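# Reading the structure
This is what each chain is made of:
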Amino acid sequence: MSESERALDVAERARRAASGDEIDALVHLERSGFARFAGSTVHQPTLIEDESVTIRVVRDGRVGASSTNRTDDDGLRAAAKRAGEAADNAPADPAFPGLPPAAEAPAVEGFDEETAALAPEEQAARAWTAIEAAPRHGLYGYFTSGATDIAVASSTGIAASQSMTDATVRALAASDGESGYAEATSWRAGELDPAAVASEAAEKAIRTRDAAAFEAAVCRAVLEPYAFAELLWYFAFSSLGALSLLEGRSYLAERIGERCFDPSFTLRDDGRDARGLPKAFDFEGVPKEPVTLVEDGVVRDVVWDRRTAARAGRESTGHALAAPAQAHGPLPFNLVVEPGDADVDELVERVDDGIYVTRLHYLNIVDPREGLITGMTRDGTFRIEKGRVTRPLVNLRFTTSFPALVERLLGLSSDVKLVNLSDFYDERYPYASLVPAVATETFTIVGSGSGPGL
Amino acid sequence: MRDLCRHAVDAAVASGAGYADARAITRRAQDVSTKNRQVETVSDAESAGIGVRVLVDGAWGFACDRRLTDDGARDAALRAAAFARASASRGGKRRVELAPAPARQGEYQTPGHRDPIDVPLAEKIEVCLRAEEAMSHRDVEITEASVRAQREERAFASSEGADIFQKFYECGGGISSLAIADGRVQTRSYPSSHGGSSAQAGWEYIESLGLDGEGPRVAEEAAALLRAAPCPAGVTTIVLDSEQMELQVHESVGHPTELDRVYGTEAAYAGTSFLKPEDLGSLRYGSDLMNITADPTTPQGLGTFAFDDEGVPAARQPIVEAGVLRGFLGSRETSAVLGTSTGGSMRADGWSRMPLVRMTNLHLEAGEGSFEDLLADVDDGIYLATNKSWSIDDKRLNFQFGTEIAWEIKRGKLGRMLRDATYTGVTPVFWGSLDALAGPDEWRMQGLTNCGKGQPGQHAHVSHGAPPARFRDVQVGVRS
């Protein structure tokens, strides 16, 4: 029995262990290794093997859920009993749309046998390959690879399962007064070149020595994919899901159909895109539909789960989270920004006078309705003067409107990069955005922080 | 569970580990939330497993297994040892040493009258719905209430002979009102934002919060914020409420005094620290009024225990005294490097994560006088309450924090309400501008469950106590 078949078997056994008007079971299997390194030493190597099941029971319109990582028959029976008790104790939920009907999930890529089979010794070896490629600096980061299996079985006939793999190498090359960053992600570990990532980080670090101050200003900027992907994700978290739209918290509220962004900006969520980390269905077993969120600068849609879709008279697009996180509403885990026609040097030329940002740190949403986000730049911030990157800058605090940033773009790079956005809290569910570098007319710097380096 | 830990440790040592420890953990957690008087979430989760940490040839390895059986314990131990061996295979710049620590045996249990897990789900739902009812207001679009309960058992054993069993209860809750009109979104919450406050305590803690009693004020303030003026920009005197002070302590004192950050272990993700080991005992962190204490013995603290996740006994320690850096948060590994005894802050987020240096309970000690006394010496300033947004740089120097609500202070009294308030500063400069702290009667402690750190990520549950405090010459009103 494959891991995918085993996941579905656990889900079916969990479903059968419960009783109610409707039942679904979500199974999550994880086998992963994390070769984390610091100061050019593998320091926190972590191997994880877990499997968990979440059972949802509906009785007379009352909904309850439980989860366990005991997947033997006794464990499943106990979890099913607790889910039933949770439902019995809950008042009826008039907004619950019922469990989704059976539907065939699309065939997607995203699983690589070699990646799934990568042994801990090989994970450690790839971390060392990165470390040894940056001999002038301390290297900080990790190599990780893992296999995740998701399965959903329901009383409405859903029997979906997907095996996925992911691998990421992240590298911060740093010393006193210098730091540079790079990363690479793929569902095929063999596509990653840890030495190249470490070299990119080290070469960036060398250029950050003797960083200068920069006055607060609204300025032009080039954002590398690492920086742009993180900003986009925070905006997505607050504005690209249907719940925030329906509740009026989203920047997109009352703006569907309006041209809000630069005509060169097109944004999709596409779980089927093999260049990303593909997903066939959401945590309720609903097939993932590609969603055009922004087309040529015009806001087209947000992503929907079954609950928000029922409220708006729509169909789910397959973006539900797992219980109990469903209360946060649907989220887009496979963002894709259409590339432009420039290389990064051309983006710098178009900015002419501004700043160059490699990576961001500690973002937070200041005002979701305005799309206002604050955070710091780090590990490679530079001044752009006369169309060239000229000198390093200290880390800068920005408090900037994401919509304003993409309202007037000076260009997007023709190359796109897959940027991992999962920090691997809780069960492993890797997700990443495929984005280009961007040049913008508007990036708001409000202060300065520390310099680069340790 | 204790036998399994010893079994895992024995297996690790037999496979070549010079040091090994094991944590077997069972956790049961319930979450109930309601929104606009409908139940959003009723969930009941359990998780169990064993995590084994080993040192082989001076290199760490960690592996875990969800099976609480002899086979699961042994397999985790062997995998951890193999991963450590692979990690050590090409040397490295550092060989891990552990500071000596006596092997302890003991048991501990959170004091409390009513196990929060045993409280019926129906009662938990009722608490939420009653609190929501109290937030009824025509201008409030969304009301939310939530309660959580957790019971956790932790067994620990080490190859040095430690043998410990601890049982913890946690519960918490909170309410919020969201008012939306004319493109503005305003929130008020109680007892704190971001899901409320938690404590290591029996269910009586939830009852003490009085969620329904605070509902009308929370709703009224959310609605009033829609009509409030925006916080003006400028440099002025600010007074922060105790909840915002707890966030200030967490971000600008707690994280920078974690020794793994000081030594760079977290450099790639959470960041480093502006502090250096040699700053201990000499660095001027803030004004003479600033006294910060790490105290894992605080009653009801989420960071309270008898032993940390390395088996080191809980001990209260000064971090900042009269404005001078006096201590770090550390582990046996960082203590060996630093050469002082500052371990006791190692904590793991469950059985599947390796322990990290984490905050326990970190408090700003009280001053004297009342909240009104703080205001009395302000001719023109701003009072900010309840955290809304937070961000700080990777060395923990430049920060920008926003609060849900603020008020003008004019001639020693609170004036009109202000919305969208933010303030910014640089850590030692900001703490240097501290010029008054309210007294013990105004000191409050709250617990948060979302402190993120580590790769793979880990959440820590920590508590902070603080009084309202006053700072001079602070930049407020930072927006694009």
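The structure contained in this document is the topic of the report that follows. (Residues numbered from 1 in each chain as written. Chains lettered and ligands numbered in written order. Predicted model: local features only at pLDDT ≥ 70, side-chain atom pairs only at ≥ 80, totals over all residues. Heavy atoms only, no water.)

### Some points on unusual backbone geometry
For the bond running from Ala323 of chain A to Pro324 of chain A, omega is 5°, close enough to zero to count as cis. One can find Pro324 of chain A in the loop between α8 (306-312) and β12 (335-337). Note that the residue after Tyr190 of chain B, namely Pro191 of chain B, is joined by a cis bond; omega there is -5°. Examined against the element boundaries, Pro191 of chain B turns out to sit in the loop between β7 (184-190) and β8 (197-199). Phi is positive for Asp296 of chain A, which is not a glycine, with a value near 50°. Inspection of the secondary structure puts Asp296 of chain A in the loop between β10 (291-295) and β11 (298-299). The phi torsion at Asp352 of chain A lies on the positive side, around 65°, for a residue other than glycine. (Helix = DSSP H or I, 4+ residues; strand = E, 2+ residues; numbered from the N terminus.)

### As for the interface of chain A and chain B
Facing the 89 residues of chain A at the interface are 84 residues of chain B. Each partner contributes to the roughly 7200 Å² buried at the junction of chain A and chain B, and carbon and sulfur atoms together form 50% of this total. Put simply, chain A and chain B have eight salt bridges between them. Between Arg70 of chain A and Glu46 of chain B there is a salt bridge, with the nearest N and O atoms lying 3.2 Å from each other. Taken together, chain A and chain B are joined by 45 residue pairs in polar contact (both at pLDDT 80 or more). (Contact = heavy atoms within 4.5 Å. Buried area = accessible area lost by both parts, 1.4 Å probe. Salt bridge = Lys/Arg side-chain N within 4 Å of Asp/Glu carboxyl O. Polar contact = N/O pair within 3.5 Å; in protein donor to acceptor, adjacent residues only side chain to side chain.)

### Quick word on the packing of aromatic side chains
If you walk through the whole model with that rule in mind, you get 29 aromatic pairs over all chains. Ring centres 5.9 Å apart and planes at 75° place the aromatic pair Phe401 of chain B and Tyr423 of chain B in the edge-to-face group. With Phe401 of chain B in strand β18 (residues 398-410) and Tyr423 of chain B in strand β20 (residues 421-426), this residue pair connects regions lying 22 residues apart in the sequence. With relative accessibility at 0%, the residue Phe401 of chain B sits in the buried group. Here Tyr423 of chain B falls in the buried class, since its relative accessible area comes to 0%. Taken together, the ring pairs in this structure connect Phe228, Phe235, Tyr251, Phe261, Phe265 and Phe402 of chain A into an aromatic cluster. Between the NZ or CZ atom of Lys279 of chain A and the centre of the ring of Tyr429 of chain A, over which it lies, the distance is 5.1 Å. Note that Arg359 of chain A overlies the ring of Tyr181 of chain A, its terminal NZ or CZ placed 3.9 Å from the centroid. (Phe/Tyr/Trp six-rings, centres within 6.5 Å; stacked < 30°, edge-to-face > 60°. Buried < 20%, exposed > 50% of the residue type's maximum accessible area, 1.4 Å probe, protein only. Lys NZ or Arg CZ within 6 Å of the ring centre and 35° of its normal.)

### Overview of the pairing of strand β15 (residues 388-392) of chain A
Residues and elements named next belong to chain A. Sheet topology places strand β14 (residues 372-385) next to β15; four bridges connect them, and they run antiparallel. Bridge assignment links Phe382 to a residue of β15, and that residue is Pro392. Connecting the antiparallel pair β14 and β15 is a turn made up of two residues, with Lys386 showing a positive phi of about 50°. (Pairing = 2+ DSSP bridges.)

### Points about the nonpolar core
In terms of nonpolar packing, the biggest core is built from 126 residues, with Leu223, Phe228, Leu231, Phe261, Ile355 and Phe443 of chain A together with Val54 of chain B touching the most fellow members. Here this core takes nine residues from helix α6 (residues 225-239) of chain A, the largest share from any one element. The next biggest cluster of nonpolar side chains, apart from the first, holds 50 residues, and it includes Leu247, Leu275, Leu283 and Leu364 of chain B. (Core = buried A, V, L, I, M, F, W, Y, C linked by side-chain atoms within 4.5 Å.)

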